[in-house]
Amino acid sequence: MNDLKNLCFFVGLFLPCMALTQTNDDSPVNNNPTEIFEKEDPKQEIQRLEFKKAQLNNRLDALKNDPAGHEAEIENIEGMIAYIDRKISENKKILLSEEYAENIGVPEKGTVSDETYKNKKSEAVKGHDDSEMKIHTTLTQEEFNKLPKERQEKILSMPERYTILK
């Protein structure tokens, strides 16, 4: 009799565990998990969002024409439309930035050698005045005194960069 109780107890524990761990075959399974993290094409995403926005606008018009008054649902749909507008704007910025980079001839990421990068950087620096590129800092005597000795020595060694007010 005691063995029967133990058997019933274990079967009672085992069956709910089986029910919880059982998977549905109807649910879609993604065999390639890397696809989840890939970014969508901005053009396709904009088209998809525009289609959703059109559907929401149609629903919003229908609700506004209905005399029953669905204020909560109208407010919810207007919030979704505002969200979609922000997402469309973000994707347009991405799209424009990629096109801008291609139009001005920016090389693709990882294709520039170190020497080419240094040459382009030196060309960009030549166009600027040296005084614009230097940062000048002003410190009060009190601020200067609070600094550690090593830092004070470093500041004193660069008078072109630091000014100490008394």
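Now for the overall build of the protein. A count of helical and extended segments in the protein gives 8 helices and 2 strands. Looking at the protein as a whole, 12% of its 166 residues are labelled buried. Sequence separation of 24 or more characterises 57% of the internal contacts of the protein that already satisfy a separation of 6 or more. Accessible area of the protein: about 14,700 Å², with a carbon and sulfur share of 55%.

For the protein, per-residue confidence averages 75 on the pLDDT scale, and residues scoring 70 or more make up 61% of the total. Throughout residues 24–29 the model reports pLDDT below 50, and contacts reaching past four residues in sequence, or to other chains, amount to 0 contacts.

Here the structure, examined in full by the defined rule, presents 6 salt bridges. Measuring nitrogen to oxygen at the nearest pair gives 2.6 Å for the salt bridge that ties Asp85 to Lys53. Remark: Lys53 occurs in helix α3 (residues 42–65) and Asp85 occurs in helix α4 (residues 71–103); sequence separation between them is 32 residues. The salt bridge partner of Lys146 is Glu142, with a shortest N-O separation of 3.7 Å. Residue Lys146 and its partner Glu142 are located together in helix α7 (residues 141–146), separated by 4 residues, close to a single helical turn. Glu142 shares its class with Lys146; the two are exposed.

Calculation notes
Residues numbered from 1 in each chain as written. Predicted model: local features only at pLDDT ≥ 70, side-chain atom pairs only at ≥ 80, totals over all residues. Heavy atoms only, no water. Helix = DSSP H or I, 4+ residues; strand = E, 2+ residues; numbered from the N terminus. Buried < 20%, exposed > 50% of the residue type's maximum accessible area, 1.4 Å probe, protein only. Contact = heavy atoms within 4.5 Å. Areas by Shrake-Rupley, 256 points an atom, 1.4 Å probe, with all protein chains shown as cover. pLDDT = per-residue confidence, 0-100. Salt bridge = Lys/Arg side-chain N within 4 Å of Asp/Glu carboxyl O.

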